[in-house]
Amino acid sequence: MITIEHLKKTFKKNKVEAVKDVSLEVNDGEIFALLGPNGAGKTTTMRMLSTLLVPTAGRITYDGKDINEDMLSVRRRIAFLTNEIRLDGQFSPDELADYYGRLYEMTEEQIRKNKQELFDYFGITEFSKRRYETFSTGMKQKTSLAICLLHDPDTIIFDEPTNGLDILTQRLIEQYILKLKAAGKCIILSTHILDLVSRLADRVGVIVDGKSVYCGSVSELASSQGVSTIDEAFVKLYEENHEEQAIITKK
Amino acid sequence: MHGLWLVFKHEIAKIFKDKNLIFGFFVLPVLSLLITVGISMIRPTTTEAEEYCLYFYGINMERINIGELNEKQIYVVSVEEEPSVFMQSGKFHNYDVLVDFSDLHEINIYYHEEDTISSYLKSTADSFVREIYSELYRGRHPEIEFRKVVAEDLNEKEDDNRLIAMLLPYMLILPLSANISNFSADTIAGEKQRGTFFQALLSPVPPLALIMGKIWSVSLISLFSSGIYIGLDVLGSRICEANGWQDLFGFSGIHVSTAEFLLILLYAVLLCYLFSNLGVLISLFCKNANQAQIAQLPVTLACTVSAMMAMFRFGTSPKFHYLIPVYNICIVFQDVLHAKVRLENMAMVAVSLLVLSVVLVIITLISYRSERVTE
Amino acid sequence: MSNNHVLHVIRNEWAKTLKSKSQLLLLLLTPFLTILFISWGLDYVITQTETYHATVYFQNEEQLTAAQIATRDYPYFSQVVGGDPKKDVTEGKTDCALVVSDTAIYLYYDSEILSSANCLKDASDLGDALCFAFEGEEIFLDMKEFMPERNMVDLSSKEDILNSFLDRMSGLIGMLIFLTMASNALSLASGSVTGEKERHTFDTLVICPAPLRKILLGKTIVLMMEIFLSGLVGVITAILSFRIWSSEYFSTIVELTGGDLSWIPLLILLLMSVTLVTTAVFTTISSAFSTTRKASLFSSAGMVLISIGSMVPTFTKNEAVKFFPVANWSIAIKSICRGQGDVYAIGTAFIISVLIFALGLILSSVLWERTNE
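Worth saying up front: this structure is predicted, and the values here are computed from it rather than measured.

## Details of the overall build of chain C
In step 1: Helix and strand counts for chain C stand at 15 helices and 5 strands.
In step 2: In terms of overall size, chain C is more extended than a compact globule, its C-alpha atoms giving a radius of gyration of 29 Å where 373 residues would be expected to give roughly 21 Å.
In step 3: Dimensions of chain C along its principal axes, counting C-alpha atoms only, are 100 × 45 × 35 Å.
In step 4: Classification of the 373 residues of chain C by burial places 47% in the buried group.
In step 5: Taking the intrachain contacts of chain C between residues at least 6 apart in sequence as the baseline, contacts between residues at least 24 apart amount to 73%.

## What to know about the pairing of strand β9 (residues 203-208) of chain A
Residues and elements named next belong to chain A.
In step 1: Summarising burial for β9: 5 of the 6 residues are buried, a large majority.
In step 2: Relative to β9, strand β3 (residues 30-35) runs parallel, the two sharing 4 bridges. Its bridge partner lying in β9, leucine 34 is registered against glycine 205.
In step 3: As paired strands, β9 and strand β10 (residues 211-217) are joined by 6 bridges and run antiparallel to one another. By the bridge assignment, isoleucine 207 is partnered in β10 with serine 212.

## Comments concerning helix α6 (residues 167-182) of chain A
Note that an α-helix has 3.6 residues per turn; residues three or four places apart therefore point the same way.
All names here are of chain A.
In step 1: Helix length check: α6, at 16 residues, gives a terminal C-alpha distance of 23 Å against a target of 22 Å (1.5 Å per residue), a fit within 8%.
In step 2: The complete set of buried residues in α6 reads Thr169, Ile173, Ile177 and Leu180. Seen end-on, α6 carries its buried residues on one side only, within an arc spanning 80°. Exposed and oriented more than 90 degrees from the buried face of α6 are Ile167, Leu168, Arg171, Gln175, Lys179 and Ala182.
In step 3: In this structure, the buried residues of α6 make contact with β3, α5 (137-149), β7 (155-159), β8 (186-190) and α7 (194-200).
In step 4: Directly after α6, the chain includes glycine 184, whose backbone phi takes a positive value near 85°.

## What about the domain arrangement of chain C?
In step 1: Taken domain by domain, chain C comprises domain 1 (20-45 + 158-368) and domain 2 (52-146).
In step 2: One C-alpha centre belongs to domain 1 of chain C, the other to domain 2 of chain C, and the line joining them spans 51 Å.

## Concerning the interface of chain A and chain B
In step 1: Every contact between the two is made by 25 residues of chain A and, on the other side, 23 residues of chain B.
In step 2: Elements that contribute at least two residues to the side of chain A that touches chain B include exactly α2 (71-77) and α3 (93-103) of chain A.
In step 3: When the residues that make up the side of chain A that touches chain B are grouped by side-chain class, the tally is 13 nonpolar, 3 polar and 9 charged.

## A look at the interface of chain B and chain C
In step 1: Taken together, the contacts link 77 residues of chain B with 83 residues of chain C.
In step 2: At the level of elements, α2 (19-40), β5 (106-111), α4 (116-140), β6 (148-153), α5 (162-194) and α9 (289-311) of chain B are the ones that each hand at least two residues to the side of chain B that touches chain C.
In step 3: Of the residues forming the side of chain B that touches chain C, the biggest block, 13 residues, is contributed by α9(B).
In step 4: A per-class count over the side of chain B that touches chain C returns 35 nonpolar, 24 polar and 18 charged.
In step 5: Note: β6(B) against strand β4 (residues 104-109) of chain C, 6 bridges, orientation parallel. Note that in β4(C) the partner of B:Val150 across the bridge is C:Tyr106.

## What to know about the sheet that holds strand β2 (residues 77-81) of chain C
In step 1: Reading across the sheet, the 5 strands line up as β6(B)-β4(C)-β3(C)-β1(C)-β2(C) and stay open at both edges, with mixed pairing between neighbours. The sheet terminates laterally at β6 of chain B together with β2 of chain C, the two strands that pair on one side only. Neighbour-to-neighbour, the strand axes of this sheet turn through a mean angle of 20°, independent of strand direction.
In step 2: Looking at chain direction, strand β1 (residues 54-58) of chain C and β2(C) are connected through 5 bridges and run parallel. Looking at the pairing, C:Val56 lines up with C:Gln79 of β2(C).

Here is what the cut-offs are and how they apply
- Residues numbered from 1 in each chain as written.
- Chains lettered and ligands numbered in written order.
- Predicted model: local features only at pLDDT ≥ 70, side-chain atom pairs only at ≥ 80, totals over all residues.
- Helix = DSSP H or I, 4+ residues; strand = E, 2+ residues; numbered from the N terminus.
- Rg over C-alpha atoms; globule rule 2.2 N^0.38 Å.
- Buried ≥ 20, exposed ≤ 12 C-beta atoms within 10 Å, placed from the backbone.
- Contact = placed C-beta atoms within 7 Å.
- Pairing = 2+ DSSP bridges.
- Expected span 1.5 Å × (residues − 1).
- Arc of directions from axis to C-beta.
- Domains from an automatic or database assignment.
- Nonpolar A, V, L, I, M, F, W, Y, C, P; charged D, E, K, R; others polar.
- Axes fitted to C-alpha atoms, helices over the stretch in contact; angles between N-to-C directions.

Laid out in structure tokens, this is it:
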């Protein structure tokens, strides 16, 4: 379970307040979708959750434990998948899995077992000895996902996991996400595809201008805004909460 | 440390997976060496002196050999022409010296300061004149048993390491700093640019292990690469020496004991570590490899400058010079090759390097937390 | 219309450089600080080693007292009673040792480390003086009277004195200016040329209507300007350093050149030759690779070769060297400082460098236009 309380992030370099006040709660065995327009602070929030960034203020806890208390043990239990993170092109998926598996202090037996399972599921086995740099976008994404999940994390943070993928690969990943949920994992998912949200997510959080403006179930999102679809609910939340837009709307 | 070894192995493996990098780090030094040797084969067209002369005017002396300089004999020769005439003649070269005894109370010694040979020989001429007069004075007082000056060269080595001592620091530091600059710029900043840095950041490997793994991989590869260059140079000299060929590599007659070699290696390792740590530290704050390389330029050039300065160091240095980073390693290398290394100087160098290393590691670890690392 | 492409690229590339103030500062500050420091440093190290430290070892205090009449003229000789002179010499505690015994004065030195000729000469002179000093003040003074005055007459002209200074400085500082220019060229070329492929912005350039070779020409021109600028800063700093730390040589140079400014175009021509060659080398190497890492690695080798090339005059006295860019640097600088700049040689070197540049440009175009893999 993840708890985020009044999270704030101001980048010192350019004094940008990327995240102003975000509070969320994500439970185990749940898929939580993080929505928001471009520049809302979703990626920054996720990077703080994954320990890549240190919050300026606020608190993040994993199962009641503050993330700052023991960052290394938190990292053992989480996985973060984003398009910005790449793998070394000179290595094959096999070699990458061995390397990262050992970094996560897995035994050789665990590495072998998990690797086989994930590679088989994502259809990587056939290419497991080929260099990563020779793969197509889809293959790279699948390989990254497999490496990311190799250590069997409790919490998985996905930043637009199906971005740029074909429909077949998208479905494969979606099914896997559901499988992870069934296994009791805590999943946070950021996407612009609202259709994906309605299909997969149990709960949703909306961030506008660095602040969380909604946190609740997907099914209640539309009704809470007095509209019929998630799209309309999202637009309405944005209009009401985005500073410039709010002024225009009022006028 | 568990993670350190894994990261280290992974970084080394990256090099060996890339043919271009293998070529760049291990084959290029060989090619550079061959080109250097090729250039040194260019023969000069002007003739050089066969001997050096101290010409004496106003004194009748037989031509005598008084010593040797740069493998050329030094002769004392009497001349009958007036100095002003003789010096205009083609027989008097810039590297010669003329001593005018026409006034026995005031001896003029003519030389060319700008010519290093002449500048050296003027002192020889001066001493020779003094010795002549001292003998004459002793002759005036036969009743006194004057002491005599007996000179003894305590150098027992057949060959000396002066040339290698002058050049080795520079030859080591230039390729080393260039290699390390490239490699360290790529290992953090380049990886940030490619996006491969963050996956390791997400793992439970302690920051110290991650950073050290990268630093030591950079150090080792660069040390190896520079070692190939120097090792081949020495090997080339040995081969030339063994076959009686002219040595184009410049290391002939140079012999280093095992202990000296190990000491040189130790300092080379420390130097590599320092450069690497500094390179990685700078790289942490840069967004891409190119930016990191530019940021490292002052460091690379400062190290090259230190090595250049050491080339002009002769004799002993003040104690505090052994605390100046990089320069202290250069002069300790020279001391080792002269077999004049002193424990206290070595200790000063070791302590200064260790202190600097620890400080750098601490700064690197603190900087690691900066948001600029993960931006 | 087609020339506008080149101008647009030049403007764009300059705008990129100016936007990165830290990069610009580094490009200009690095040569300035490096040259300033080395000019001071060389002087400092050389003067530190012109002095020496020697020791006279006496058997007893009486000898020490008797010797004062001789030793007072030799400030670099310390005096001790007893001690282990051979050990002190071999361990480097003293540069040379004069050891007084009842029958002789022994002069111990180690030829391997003794590089100060003055030390050995002074030791020999002092040793000789001590031989007389121990026989009493009267004998010593009589001997001094007997000894003729020795005048050192330097036949070197100012020009000759300047030569030895320039021999030392022009080669070394020239090499450092090259290294600075080459280091900057390495970083700039790999960022500007290779960087396009690495950042995947190359594809955008390929599909735009401007021919790739014109884009490359624009980039190369800007590179050339930046490298020239850093070289110019290096040269100006070198002149400034001479003015500050070697003012007597500087005055000689001014005297020999007669205050005439005709050396300026020659110096610029010389610098341009180096710039053209450096730009050609590093642009060619950068064009051949699609990642900065590989381009930098091979460019480093180029940098080492260029610095070796600049040292060619130290290996050979071959007259032909003065016609080749980079290799002719130290010879050309010496001739310019002596007011005897060889226009013909420098001009020929410049023409050769232009040819090298043209060749480099053609080769770069071909390499850069290869498919980005």
